[in-house]
Amino acid sequence: MLQGIFRRVGNVLRGRSTLDEETAEELEAALVMGDVSAPLAMQLVEELRERAESGAVADEENLLELLREVVYERLEPYQDRLVFAPTPPTVWLVLGVNGVGKTTTIAKLAGMLKRQGLSVLLAAGDTFRAAAIEQLQVWADRAGCEVVAQTKGADPGAVMFDALEAAKARGIDFVIADTAGRLHTKVNLMEELRKMSRIVERATGRPADERLLVLDANTGQNAINQAREFNEAIGVTGLAITKLDSTARGGALLSLTEELQIPIKLVGVGEKLEDLVPFSARDFADGIV
Ligand SMILES: Nc1nc2c(ncn2[C@@H]2O[C@H](COP(=O)(O)OP(=O)(O)OP(=O)(O)O)[C@@H](O)[C@H]2O)c(=O)[nH]1
Ligand SMILES: [Mg+2]
């Protein structure tokens, strides 16, 4: 994953054992090209320079190794696990603008839980987009779980309510809710998500255990604006970053976590059911070289 941004970084550092002015500038540019914000790129290069100067850098490998460490230390505090409820069902709301990979991520999560022998019910909360319900159904069949749905145009709050009732009645371990990525207006969307959230709270006595925001790694700095909006509307508990397999960027992850202080829980690395992994700061940092 992430060969794109980091190949460029690797190219800059390859063959250099000192961080002279020219290398520093090239490295900063390579980071910015990979969607690291300009101020953060400057900070990273500065940190690298300090470390390079405080210890003897014997070879170019060492310089890359130092950069890995700098990136790892920045991300490590934001690596976190998914939250499970003390008593079932665990409820996860999956949020994000259209096309980021919500429905695919839900299917991958369901597949992951099913493989662990847990029962999962999906709530078809995207009642707005044409064929969204059918798409969720197709994925549910692949993952081997059931869907609670109403018809297109139905109230997603009512779908949520039905799904929670069904899960409680049948002793299901997990309810994962799909949500719309777009409504007539953004205000409508946020209002609808808040309503779904309230219904979870009323039905289970606590907020959804995860309000997972799905972000497409390719959207770069724009992902930060999306995260800010969803976070203000209903409080995001974790991020799922998708399409890291197909991006030449992904550096926005670094600024994203620091600006919003929201942990990254999952990473999507492909279009298949198995292509979801827990976020690892170490793997991400290692992707640099
Ligand atoms: N390469 C790659 N593609 C992905 C990944 N996750 C999702 N996709 C693709 O992204 C596209 C959109 O995925 P969806 O799951 O339908 O996205 P969504 O957020 O539910 O979209 P809406 O329902 O329209 O709001 C599909 O073509 C997926 O196959 C990933 O990790 N890697
Ligand atoms: Mg969808």
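Overview of the overall build of the protein chain
Step number 1: Helix and strand counts for the protein chain stand at 11 helices and 8 strands.
Step number 2: By the compact-globule yardstick of 19 Å for 289 residues, the protein chain fits well, its C-alpha radius of gyration being 21 Å.
Step number 3: When its C-alpha atoms are laid out on the principal axes, the protein chain stretches across 65 × 40 × 30 Å.
Step number 4: Buried residues in the protein chain amount to 55% of all 289 residues.
Step number 5: Relative to all contacts within the protein chain whose residues are 6 or more apart in sequence, the contacts with residues 24 or more apart total 74%.

A short note on the sheet that holds strand S2 (residues 120-125)
Step number 1: Read from one edge of the open sheet, 8 strands run S3-S2-S4-S1-S5-S6-S7-S8, paired in mixed fashion. Looking at strand neighbours, the two that pair on one side only are strand S3 (146-148) and strand S8 (276-278), the edges of this open sheet. Across the sheet, the axes of successive neighbouring strands diverge by a mean angle of 25°, strand direction being ignored.
Step number 2: In this sheet, strand S4 (residues 174-179) lies alongside S2 in parallel orientation, the contact comprising 6 bridges. If you follow Gly125 over to S4, its bridge partner there is Thr179.
Step number 3: Most of the contacts of helix H6 (residues 132-143) go to S2, to which it runs at about 165°, and overall it touches S2, S3 and S4.

Considering the site of ligand 1
Step number 1: Surveying the vicinity of ligand 1 reveals 21 residues, the closest of which are Lys102, Thr103, Thr104, Asp245 and Glu271.
Step number 2: In the model, an oxygen atom of ligand 1 is placed 2.8 Å from a nitrogen or oxygen of the Thr103 side chain.
Step number 3: Surface burial for ligand 1 is 82%, taken as the share of its 650 Å² of free accessible area covered by protein chains.
Step number 4: Here the element with the most residues in the shell around ligand 1 is helix H5 (residues 102-115); it accounts for 4 residues.
Step number 5: Here the shell around ligand 1 is composed, by residue class, of 3 nonpolar, 11 polar and 7 charged.

Here we look at the pairing of S4
Step number 1: In terms of residue burial, S4 counts as a mostly covered element, since 6 of its 6 residues are buried.
Step number 2: Along S4, one buried face is formed by Phe174, Ile176 and Asp178 and the opposite face, lined by Val175, Ala177 and Thr179, is buried too.
Step number 3: In this sheet, S4 lies alongside strand S1 (residues 90-95) in parallel orientation, the contact comprising 4 bridges. Looking at the pairing, Val91 lines up with Val175 of S4.

Topic: unusual backbone geometry
Step number 1: The step from Pro88 to Pro89 runs through a cis peptide bond, and the omega angle for that step is 0°.
Step number 2: With respect to the secondary-structure elements, Pro89 resides in the loop between helix H4 (60-75) and S1.
Step number 3: Positive phi, close to 70°, is recorded for Ala131, a residue that is not glycine.
Step number 4: In this structure, Ala131 sits in the loop between S2 and H6.
Step number 5: Note on Ala131: relative accessible area 44%, which makes it partly exposed.
Step number 6: Phi at Lys243 takes a positive value of approximately 65°, unusual for a residue other than glycine.
Step number 7: Within the secondary structure layout, Lys243 lies in the loop between strand S6 (238-242) and helix H10 (252-260).
Step number 8: Under the relative-accessibility criterion, Lys243 is labelled partly exposed at 28%.

Comments concerning the nonpolar core
Step number 1: Membership of the largest hydrophobic core comes to 73 residues, with the highest contact counts inside it found for Leu27, Met160, Leu239 and Ile241.
Step number 2: The element contributing the most residues to this core is H4, with 8 residues.
Step number 3: Residue-level mapping places this core at the junction of two domains, with at least three residues from each of domain 1 (3-78) and domain 2 (90-279).
Step number 4: Of all hydrophobic cores here, the second largest spans 28 residues; its members include Met112, Ala124, Leu212 and Ala240.

A short note on the domain arrangement of the protein chain
Step number 1: When its domains are assigned, the protein chain resolves into domain 1 (3-78) and domain 2 (90-279).
Step number 2: Look at where the C-alpha atoms of domain 1 and domain 2 centre, and you get two points 34 Å apart.
Step number 3: Note on domain 1 versus domain 2: buried area summed over both sides is about 1300 Å², and carbon and sulfur give 58% of it.
Step number 4: On the domain 1 side of the contact with domain 2, Asp35, Leu75 and Tyr78 bury the most area, a combined 53% of that side's loss.
Step number 5: At the boundary of domain 1 with domain 2, the tally comes to 6 residue pairs in polar contact (both at pLDDT 80 or more).
Step number 6: Listing elements by their share of the side of domain 1 that touches domain 2, those giving two or more residues are helix H1 (3-13), helix H3 (38-54) and H4.
Step number 7: In terms of residue class, the side of domain 1 that touches domain 2 is made up of 8 nonpolar, 3 polar and 3 charged.

The rules behind these values
- Sequence order as written defines the numbering, with residues in each chain counted from 1.
- Key to labels: chains lettered from A, ligands numbered from 1, both in the order written.
- Reporting of local features is limited, given that this is a predicted model, to residues whose pLDDT is at least 70; pairs of side-chain atoms are given and counted only at 80 or more, and all residues count toward the totals for whole chains, interfaces and linings.
- The basis for every side-chain value is the complete set of non-hydrogen atoms in the structure, without hydrogens or water.
- Starting at the N terminus, helices and strands are each numbered in turn, a helix being any DSSP run of H or I of at least four residues and a strand any DSSP run of E of at least two.
- Throughout, radius of gyration means the C-alpha value; the globule benchmark is 2.2 Å times the number of residues raised to the power 0.38.
- Remark: exposure states derive from per-residue accessible area (1.4 Å probe, protein chains only) relative to the maximum for the residue type, with buried under 20%, exposed over 50%, and partly exposed in between.
- Residue contacts are defined here by distance: any two heavy atoms, one from each residue, within 4.5 Å place the two residues in contact.
- The pairing criterion is simple: DSSP has to find at least two bridges between the two strands.
- Comment: axis = line fitted to C-alpha atoms, over the contacting stretch for helices; angle = value between 0 and 180 degrees taken between N-to-C directions.
- Only a single heavy atom is needed: when it lies within 4 Å of a molecule or strand, its residue is near that molecule or strand.
- Definition of a polar contact: a pair of N or O atoms within 3.5 Å, with one able to donate and the other able to accept a hydrogen when the atoms are protein atoms, and with sequence-neighbouring residues admitted only if both atoms are side-chain atoms.
- Note on areas: Shrake-Rupley with a 1.4 Å probe; residue coverage comes only from the protein chains shown.
- Amino acids outside the nonpolar list (Ala, Val, Leu, Ile, Met, Phe, Trp, Tyr, Cys, Pro) and the charged list (Asp, Glu, Lys, Arg) are all regarded as polar, and Gly is one of them.
- We call a set of buried Ala, Val, Leu, Ile, Met, Phe, Trp, Tyr and Cys residues a nonpolar core when their side-chain atoms join them within 4.5 Å.
- Here the limits of each domain have been adopted from an automatic or database domain assignment.
- Accessible area that two parts lose when put together, evaluated with a 1.4 Å probe and summed over both, is termed the buried area.

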